[in-house]
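Reading the structure
So the chains spell out like this:
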Amino acid sequence: MFGYFVLSHSVVISQDAPVQPQDGNVFSDGSTRVDFVLVWEEPHSPQKEESTGVSPTHRKWREEFLSRLRRSGLLQEQREVVQPKKRICFVLLNAPWSVLCYYAEEISLRVPLQVVNAPNPNWSEQVLQQLSLPNPLIQDVPNPPPDYYTCQFRTNKLQRFLGSEDTEKFFKTTQRHQVLYEILARTPYGSVKKGRVGIDRLLSEQVFTAAYPLHEGGYQLPTPPVPPQSLGLRQILHAYWAKWTCWRRYQPLDHIREYFGEKIALYFAWLGFYTGWLLPASFVGTLIFLVGFWLVATDVPAMEVCNSGNNFIMCPTCNICSYWNYSSICFTYKAGLLFDNGGTVFLSVFMSLWAVTFLEYWKRTCSTLSLRWDCSEFMDIEERPRPEFTAMAPMTMRNPVTGAEEPYFPENKRINRTLTGCMVIIIMVVVVLMFLIAIILYRTILSIIIYRSHNTFFSVAAGRIASISGSVLNLLVILMLSRVYTSLAHILTRWEMHRTQTKYEDMFILKVFIFQFVNFYSSPVYIAFFKGRFAGYPGNYHTLFGVRNEECGAGGCLIELAQELLVIMVGKQLINNIQEFISPKLMAWWQKRKLSPRLEEKEVQRGEKEVKEEVKDTEEIFPWEADYQLLVCEGLFSEYLEMVLQFGFITIFVAACPLAPLFALVNNWVEIRLDAQKFVTEYRRPVAERAQDIGIWFPILQFITHMAILSNAFLIAFTSSFLPRLYYRYTRDSSLSGFINFTLATSPRNYSQQHENTSCRYHGFRDENGEYLPEYFHLLAIRLSFVIIFEHVVFFFGHLIDMMVPDIPEEVELKIKREHYMAKEALAENQSLGKIMIPGEDVAPSELRKRGSRPSPPQSDSPPPNLKEIPEEPDTPGSC
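Numbers given for residues are sequential positions, taken from 1 along each chain in its written order. Only residues with pLDDT of 70 or above have their local features reported here, since the model is predicted, and side-chain atom pairs are shown and tallied only from 80 upward, although totals for entire chains, interfaces and linings are computed over all residues. Side-chain measures were taken over the full set of non-hydrogen atoms in the model, leaving aside hydrogen atoms and water.

**Looking at the state of the cysteines**
The disulfide definition used here is simple: a pair of cysteine sulfur atoms within 2.5 Å. Using the criterion set out here, one finds two disulfides in the structure. A sulfur-sulfur separation of 1.8 Å characterises the disulfide bridge that pairs Cys306 with Cys330. On the sign convention where negative is left-handed, the bridge of Cys306 and Cys330, at about 80 degrees about the S-S bond, is right-handed. On the criterion of sequence distance, the pair formed by Cys306 in helix α9 (residues 300-306) and Cys330 in helix α10 (residues 330-337) is long-range, its members being 24 residues apart. Of the residues examined, Cys306 reaches a relative accessible area of 23% and is grouped as partly exposed. With its sulfur 1.9 Å from that of its partner, Cys315 forms a disulfide with Cys760. Here the S-S torsion is close to 90 degrees, and the disulfide linking Cys315 with Cys760 is therefore right-handed. With Cys315 in the loop between β7 (313-314) and β8 (324-325) and Cys760 in the loop between α24 (749-754) and β17 (761-763), this pair connects stretches of sequence that are 445 residues apart. Each member of the pair, Cys315 as well as Cys760, carries the same accessibility label: buried. A run of H or I in DSSP becomes a helix once it reaches four residues, and a run of E becomes a strand once it reaches two; helices and strands are each numbered from the N terminus. When accessible area is computed with a 1.4 Å probe and restricted to protein chains, residues below 20% of their type maximum are described as buried, those above 50% as exposed, and intermediate ones as partly exposed.

Structural data, given as structure tokens:
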């Protein structure tokens with residue numbers, strides 16, 4: 001629906017777009033391109049030629065690994081940067097054409113058959129065009145990546161593919177990275193049974209300190225200025241995406257996908273789509289908040305409170321507090337009406353349906369992007385075991401898919417460890433609840449201390465001061481526990497021994513989300529549904545550890561909930577944004593400081609030659625050195641988690657804070673630019689990964705949406721004054737005159753006799769003996785009925801939207817069929833030619849589909865019977 005920040009505008013695709021120079025990403029011969037870089041560091045002493053302090057085992061593993069890479073056909077060139085205390089060694093890798101062709105077939109890369117000249121307009125652009133209105137969001141991004149019909153690469157069908165005459169440019173840069181990473185990930189360096197396979201294991205063992213593909217030149221625009229078509233892809237992303245001036249422009253998603261891969265592009269597509277959908281939610285929420293000002297000015301109960309004088313003498317809020325006039329909270333009561341009025345009921349229904357519709361339309365957008373990016377039928381290939389798994393697994397098994405001998409961990413042991421991990425999660429949840437109880441006691445005790453100080457200024461606002469300081473303290477506790485548990489979740493998930501990286505990430509995400517859900521939402525849930533419910537009444541107050549249970553403030557619990565939400569949500573966003581802005585820059589500065597001064601640059605071992613050349617007093621920094629000074633890409637986990645928690649705040653508790661979507665919208669505008677700058681300017685370039693959706697985060701968002709419907713129903717029924725006002729309007733007075741007196745009970749006689757025969761009022765529906773009035777039970781029945789009706793109506797409309805909005809748009813389905821038909825036609829036209837020019841087996845028409853549509857081989861989770869125990873082998877220095 002609202003694709004404001006999602007899809008790049010339609011452009012005319014040109015096959016003759018200029019190819020950008022690699023800006024020094026070449027070997028010393030000036031022509032062999034660098035596809036990947038391996039780095040390690042060694043201690044260095046200027047007095048000694050040989051490096052000291054290097055582990056012989058690490059040296060042997062490294063030499064064996066590099067030797068096997070050479071035997072696999074990769075070209076290597078070694079460079080060294082010598083510093084006063086260490087030597088940094090860079091190994092530049094290049095995959096020749098023959099190696100690229102072999103592994104492209106092996107990992108089923110898809111290559112182009114024909115250019116697709118189809119526009120990709122989004123919803124907002126189409127509407128503005130039909131209305132003949134200018135589009136302020138559009139921007140002309142140069143060199144749009146072409147779209148192709150593709151099929152799986154086959155060496156013996158090479159001439160059928162578009163651009164096959166130019167072997168240097170036939171495979172995309174990201175495809176070359178994928179081939180190199182595949183080789184690095186499967187190359188052994190020692191005993192395969194001990195899991196000594198792949199670059200990931202070598203990095204975890206600190207044999208290498210880094211392995212990364214190079215960025216395509218710098219990101220700064222050249223001086224003097226050049227035509228936009230001459231810019232490199234990284235410069236285009238920086239100028240048309242990462243700059244703050246691009247905050248109101250469409251994201252160039254095709255360029256992002258071309259440079260970083262589908263997985264990262266899908267994250268930014270989802271973030272932009274979510275931000276666009278926040279616009280109507282922010283508008284409605286802000287409108288409801290502004291309507292609250294009009295309701296405050298015309299509200300009869302608010303006038304009664306402000307004009308009551310000494311009519312309502314309220315009971316003390318603590319054991320040492322004194323009586324107080326209800327008229328003294330005139331301002332607070334009116335402020336509470338900004339968050340607690342009839343408009344919040346409409347907002348709750350609107351946001352519940354908004355969340356359901358948002359997810360449905362995201363599925364449609366995701367299917368469109370998957371088709372456009374050749375991932376519409378993408379399924380993960382058989383994943384290799386994780387390095388930690390291969391190193392710690394006690395058995396081996398034969399993989400039923402690949403036939404290779406692989407490490408194996410018994411499933412029953414994994415289940416036992418997972419259950420143990422669940423117990424740890426429960427313990428951590430109990431810790432969160434203990435901190436929550438401590439903060440509750442802190443608020444009560446602090447208000448008593450402030451009241452006893454007899455300072456008139458502070459005593460009047462004792463409850464408010466305690467509440468706000470408690471919210472800030474709660475935020476700090478939440479952030480502290482988040483860091484502790486994230487580290488603990490890493491340890492638990494590693495201990496559970498999940499075989500593949502996908503399963504590891506899914507279990508890790510699930511653990512962290514469960515904990516963070518309780519961690520962030522426990523305090524708002526307590527204020528919304530429990531605070532003041534167990535306080536008792538005058539003469540029969542309940543206590544916790546000897547301290548009287550706290551009650552809702554003078555303005556009601558809803559305004560306190562709004563305050564808590566704003567402190568936690570906005571405070572967390574501010575801290576995260578400041579951290580994301582400052583932390584990478586400080587870390588990058590420290591990284592560059594560690595890597596300087598640079599004494600000399602050496603080039604050694606290229607093929608059979610050895611060359612040494614001194615570089616003195618030079619400012620030149622080679623691309624592999626510049627990229628080594630950048631930060632390691634941290635992945636997308638923290639980015640998704642931050643947005644998912646924010647989604648929970650603006651849906652689960654929106655009835656208490658109509659401004660939450662507006663704060664989320666402003667934050668996301670900043671978040672997109674901060675994330676873009678990190679990926680373009682501060683992170684090393686990650687290896688491109690393919691994906692067709694946002695993974696486990698989508699079911700998590702669906703869970704939050706269902707929780708939001710239930711939460712808003714209970715908030716309106718039991719926390720808001722909406723239903724008591726409605727009940728009074730239809731049973732007593734339609735003008736709400738006398739409503740305040742209706743909601744206040746009188747203290748029991750025995751309490752008044754103990755306090756100098758002074759009767760006082762308190763919130764509740766009780767008689768003078770402390771027993772519940774019939775109105776209490778009437779309201780309870782109405783509240784429960786409202787919850788049932790609300791959630792049934794919203795769930796019904798949600799399912800109706802689900803049925804009415806297909807997951808895949810009709811035009812996308814037609815386009816898929818059209819693409820399959822045109823691909824078959826293109827192949828049929830080439831087959832007769834292919835039989836003459838390229839003898840060999842023909843590619844079946846079913847193999848032709850959009851890039852990434854290869855079905856994965858079947859997988860089996862059940863181990864075969866031939867399990868072998870890995871024999872214990874004593875490790876000796878230098879063994880492999």
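**A closer look at the packing of aromatic side chains**
Two rings from Phe, Tyr or Trp (for Trp, the six-membered ring) form a pair when their centres sit within 6.5 Å of each other. Planes less than 30 degrees apart are called stacked, planes more than 60 degrees apart edge-to-face, and all others tilted. Evaluated as defined, the whole model comprises 61 aromatic pairs. With 6.0 Å between their ring centres and 65 degrees between their planes, Tyr274 and Phe647 make a pair best called edge-to-face. Here Phe647 lies in helix α19 (residues 637-652) and Tyr274 lies in helix α8 (residues 262-298), a separation of 373 residues in the sequence. Judged by relative accessible area, Phe647 falls into the buried class, the value being 0%. With centroids separated by 4.1 Å and ring planes inclined at 25 degrees, the aromatic side chains of Tyr485 and Phe515 adopt a geometry described as stacked. Of this pair, Tyr485 sits in helix α15 (residues 462-495) while Phe515 sits in helix α16 (residues 501-529); the two residues are 30 residues apart in sequence, bridging distant segments of the chain. Its guanidinium or amino end placed over the ring of Phe622, Arg79 lies 5.1 Å from that ring's centre, counting from NZ or CZ. Remark: a charge is flagged as sitting over a ring if the NZ atom of Lys or the CZ atom of Arg is within 6 Å of the ring centre and within 35 degrees of the ring normal. Over the ring of Tyr772 we find Arg766; its NZ or CZ atom is 4.2 Å from the centre of that ring.

**Overview of helix α2 (residues 97-106)**
Val99, Leu100, Cys101, Tyr103 and Ala104 are the residues of α2 that are buried. Against the buried residues of α2 lie α4 (173-186). Positioned one or two residues after α2, Ser108 has a phi angle of 60 degrees, which is positive. The contact criterion used is simple: two residues touch if any of their non-hydrogen atoms lie within 4.5 Å.

**A word on the pattern of salt bridges**
Each salt bridge in this description consists of a side-chain nitrogen of Lys or Arg and a carboxyl oxygen of Asp or Glu lying within 4 Å of one another. According to the stated counting rule, one finds 25 salt bridges in the structure shown. Note that Arg685 is salt-bridged to Glu216, the shortest N-O span being 3.2 Å. A residue pair is termed long-range when its members are at least 10 positions apart, and Arg685 in the loop between α20 (660-682) and α21 (697-719) and Glu216 in the loop between β6 (210-212) and α6 (233-242) qualify at 469 residues. This pair shows no difference in class: Arg685 is buried, exactly as Glu216 is. Of the charged contacts in the structure, one is a salt bridge between Arg257 and Glu262, with a shortest N-O distance of 3.0 Å. Neither Arg257 nor Glu262 differs from the other in exposure class; each is buried. Where salt bridges share partners, they join Glu42, Arg62, Glu80 and Arg87 into one cluster.

**Details of the pairing of strand β4 (residues 110-116)**
In terms of burial, β4 is a largely internal element, six of the seven residues being buried. Pairing of β4 with strand β5 (residues 147-152), which is carried by six bridges, proceeds in the antiparallel orientation. Among the inter-strand pairings, Val111 is bridged to a residue of β5, identified as Cys151. Here, a strand pair is defined by DSSP locating no fewer than two bridges between the strands.

**So, a nonpolar patch on the surface**
A surface patch of nonpolar side chains, amounting to about 590 Å² of accessible area, comprises Trp244, Leu574, Ile578, Phe581, Ile582 and Leu586. With respect to the helices, strands and loops of the structure, Leu586 is situated in helix α17 (residues 557-594). Its relative accessible area of 52% is what places Leu586 among the exposed residues. Patch definition: residues above 30% relative accessible area lacking any salt bridge, with like charges linked at up to 9 Å and the nonpolar side chains Val, Leu, Ile, Met, Phe, Trp and Tyr linked at up to 5 Å. Note that accessible areas follow from Shrake-Rupley with a 1.4 Å probe, and for residues the cover is restricted to the protein chains shown.

**A look at the nonpolar core**
Take the buried residues of types Ala, Val, Leu, Ile, Met, Phe, Trp, Tyr and Cys, join any two whose side-chain atoms come within 4.5 Å, and each joined set is a nonpolar core. Core analysis: the largest hydrophobic core is formed by 130 residues, its most contacted members being Trp270 and Trp354. Those residues in contact with Trp270 that lie beyond four places of it in its chain are Phe358, Trp362, Tyr640, Met643, Ile694 and Leu701. Counting residues in hydrophobic clusters, the runner-up holds 36 residues, among them Phe36, Cys101, Phe170 and Val207.

**A word on empty space enclosed by the protein**
Every definition here rests on a 1 Å grid over the protein atoms only: cavities are sets of points where a 1.4 Å probe fits but cannot get out, pockets are open sets enclosed by protein on both sides within 12 Å along at least five of seven lines, and lining residues have some atom within 4 Å of a point. Grid points are joined across faces, edges and corners, and a volume is the space filled by probe spheres set on the points. This model, assessed by the stated rule, comprises five cavities of 30 Å³ or more. In this structure, the largest cavity spans a volume of roughly 60 Å³. In terms of lining, the largest cavity is formed by Val432, Phe435, Leu436, Ile439, Asn474, Val477, Ile478, Leu481, Asn519 and Ser522. Of all the secondary structure elements, the ones that give two or more residues to the lining of the largest cavity are α13 (411-452), α15 and α16. In the scheme used here, Gly and all other residues not listed as nonpolar or charged are polar, with Ala, Val, Leu, Ile, Met, Phe, Trp, Tyr, Cys and Pro taken as nonpolar and Asp, Glu, Lys and Arg as charged. Per-class residue counts for the lining of the largest cavity are seven nonpolar, three polar and no charged.

**Focus: the packing of α8 against α20**
For the pair α8 and α20, interaxial distance at closest approach is 7 Å and the crossing angle is 160 degrees. With respect to α20, the element α8 is oriented roughly antiparallel. Crossing angle aside, the handedness with which α8 passes α20 is left-handed. Contacts between α8 and α20 involve Ile264, Tyr267, Phe268, Leu271, Gly272, Tyr274, Thr275, Leu278, Leu279, Ala281, Ser282 and Thr286 from the former and Pro661, Leu662, Ala664, Leu665, Asn668, Trp669, Glu671, Ile672, Asp675, Ala676 and Phe679 from the latter. Considering only residue class, the contact of α8 with α20 consists of 16 nonpolar, five polar and two charged. Note on geometry: axes are C-alpha line fits, over the in-contact stretch for helices, and angles between N-to-C directions span 0 to 180 degrees. Relative orientations are named as follows: roughly parallel for angles under 35 degrees, roughly antiparallel for angles over 145 degrees, roughly perpendicular for angles from 65 to 115 degrees, and oblique for any other angle. Crossings are classed by handedness, with left-handed meaning an anticlockwise turn of the near helix from the far one by less than a right angle and right-handed meaning a clockwise turn.

**Looking at the environment of Gln573**
Checked against the element boundaries, Gln573 lands in helix α17. You can call Gln573 buried: its relative accessible area is 8%. Along the chain, Gln573 and Asn667 lie 94 residues apart, while their C-alpha atoms are 6.9 Å from each other. Setting aside its immediate chain neighbours within four residues, Gln573 contacts Gln646, Phe663, Ala664 and Asn667.

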